[in-house]
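# Observations on the three-dimensional arrangement
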Amino acid sequence: MKKLVIIPAYNECRSILKAVDDIKIHAPDFDYVVINDCSTDGTLDICRKYGLNHVNLSVNLGIGGAVQTGYIYACQYDYDAAVQFDGDGQHDAAYLERMAQELAETESDMVIGSRFIEKEGFQSSGLRRIGIRYFSALIRLLTGKRVTDPTSGMRMVNRDVMRIYAGSYPKDYPEPESVMAILRMGKKVTEMPVVMKERKEGTSSIGGLRSVYYMIKVTLAILMERLRR
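Overview of the structure. Everything quoted here is computed from the prediction, not taken from an experiment. (Residues numbered from 1 in each chain as written. Predicted model: local features only at pLDDT ≥ 70, side-chain atom pairs only at ≥ 80, totals over all residues. Heavy atoms only, no water.)

## Notes on the packing of aromatic side chains
Inspection of every chain in the model, using the stated rule, returns 6 aromatic pairs. With a centroid separation of 5.3 Å and 50° between ring planes, the pair formed by Tyr 71 and Tyr 165 is classed as tilted. Here the residue Tyr 71 occupies a position in helix α3 (residues 62–76), and Tyr 165 occupies one in helix α6 (residues 159–167), the gap between them amounting to 94 residues. Note on accessibility: Tyr 71 and Tyr 165 belong to one class, buried. Aromatic side chains Tyr 71 and Tyr 169 sit 5.8 Å apart centroid to centroid with 55° between the ring planes, which places their arrangement in the tilted category. With Tyr 71 in helix α3 and Tyr 169 in the loop between α6 and α7 (174–184), this pair connects stretches of sequence that are 98 residues apart. An aromatic cluster is present here, built from Tyr 71, Tyr 165 and Tyr 169 joined pairwise through their rings. Between the NZ or CZ atom of Lys 3 and the centre of the ring of Phe 30, over which it lies, the distance is 4.6 Å. (Phe/Tyr/Trp six-rings, centres within 6.5 Å; stacked < 30°, edge-to-face > 60°. Helix = DSSP H or I, 4+ residues; strand = E, 2+ residues; numbered from the N terminus. Buried < 20%, exposed > 50% of the residue type's maximum accessible area, 1.4 Å probe, protein only. Lys NZ or Arg CZ within 6 Å of the ring centre and 35° of its normal.)

As structure tokens, then:
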């Protein structure tokens, strides 16, 4: 299986090298590509200095556009599977090979690395956990499928879903909506337990009043996705 790690990166100069090294050490069978989303810090300089495989976006597209660029790259270079992997150090590359095995053995279209199956490691803040449970309940209500961690950014997909996402991918806070989209299409989504780490560098894009916008926007997006034919 030809496998790609997609690393969307916006202002991750202090952590991107560690994320890539983690992949090289613990998931050597995977290729990787850093999608530099028009960072204003030294992320691009780090990519160039250390010869990291990267795509440099000349306009900031946001997390959705950066991830979609990675899926387009995966399709163009004929990968069998692609996995999203955060550049901020929260994800652990030691789980990637197991995710690939799970994808193949269960014949799934997507495998999500979930923090909430074994409930080990960093579990996010209390308010965010409430939000995650809310989106999990909403997706289950609309599809009948249980997804314990719909906001997880650590998800691996097969060729089919890569092509879908290369053609269309949500722009803002895309994880719950993009899961809903493929469940609506009848795709098989499974989860496996992973341990995630707390962010050490940078700041989250969700906080303060943006968290209110996030909840409303993602709820409406999920509902609209359910109504599509």
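Text resumes after the structure shown.
## Remarks on the nonpolar core
Judged by nonpolar contacts, the single largest core of 33 residues is most densely connected at Leu 4, Tyr 71, Met 110, Val 157, Met 162, Tyr 165 and Ile 222. For this core, the secondary structure elements donating two or more residues are β1 (3–9), β2 (30–36), α3, β5 (110–114), α5 (126–143), α6, α7 and α8 (209–227). The element contributing the most residues to this core is α3, with 5 residues. Core analysis: the second largest hydrophobic core is formed by 29 residues, Val 5, Cys 47, Ala 100 and Met 154 among them. (Core = buried A, V, L, I, M, F, W, Y, C linked by side-chain atoms within 4.5 Å.)

## Side note on the side chain of Gln 84
Mapped onto the elements, Gln 84 comes out in strand β4 (residues 81–84). Side chain to side chain, Gln 84 and Glu 175 meet in a polar contact 3.4 Å long. Ignoring anything within four residues of it in the chain, the contact list for Gln 84 reads Ile 6, Pro 8, Ile 63, Val 67, His 91, Gly 153, Met 154, Arg 155, Tyr 169 and Glu 175. (Polar contact = N/O pair within 3.5 Å; in protein donor to acceptor, adjacent residues only side chain to side chain. Contact = heavy atoms within 4.5 Å.)

## Notes on the pairing of β2
Strand residues, when the strand is regular, have side chains that alternate between the two faces of the sheet. Taking burial as the measure, the 7 residues of β2 include 6 buried ones, the bulk of the element. Pairing of β1 with β2 involves 7 bridges; the strand directions are parallel. By the bridge assignment, Pro 8 is partnered in β2 with Ile 35. Remark: the β1/helix α1 (residues 16–26)/β2 crossover connection has right-handed handedness. Examined bridge by bridge, β2 and strand β3 (residues 54–56) share 3 bridges and lie parallel to one another. The residue of β3 that forms the bridge with Asn 36 is Asn 56. This β-α-β element, β2 to helix α2 (residues 43–49) to β3, shows right-handed connectivity. (Pairing = 2+ DSSP bridges. Right-handed = clockwise from strand over helix to strand, strands pointing away.)

## Quick notes on the pattern of salt bridges
Once the charged atoms of two side chains with opposite charge are near each other, the side chains can pair. Enumeration over the complete set of coordinates arrives at 8 salt bridges. Residue Lys 187 is joined to Asp 160 by a salt bridge in which the shortest nitrogen-to-oxygen separation is 2.9 Å. Of the two residues, Lys 187 sits in the loop between α7 and β7 (189–193) while Asp 160 sits in helix α6, which places them 27 residues apart along the sequence. In this structure Asp 160 comes out as partly exposed when scored by relative accessible area, which is 31%. (Salt bridge = Lys/Arg side-chain N within 4 Å of Asp/Glu carboxyl O.)

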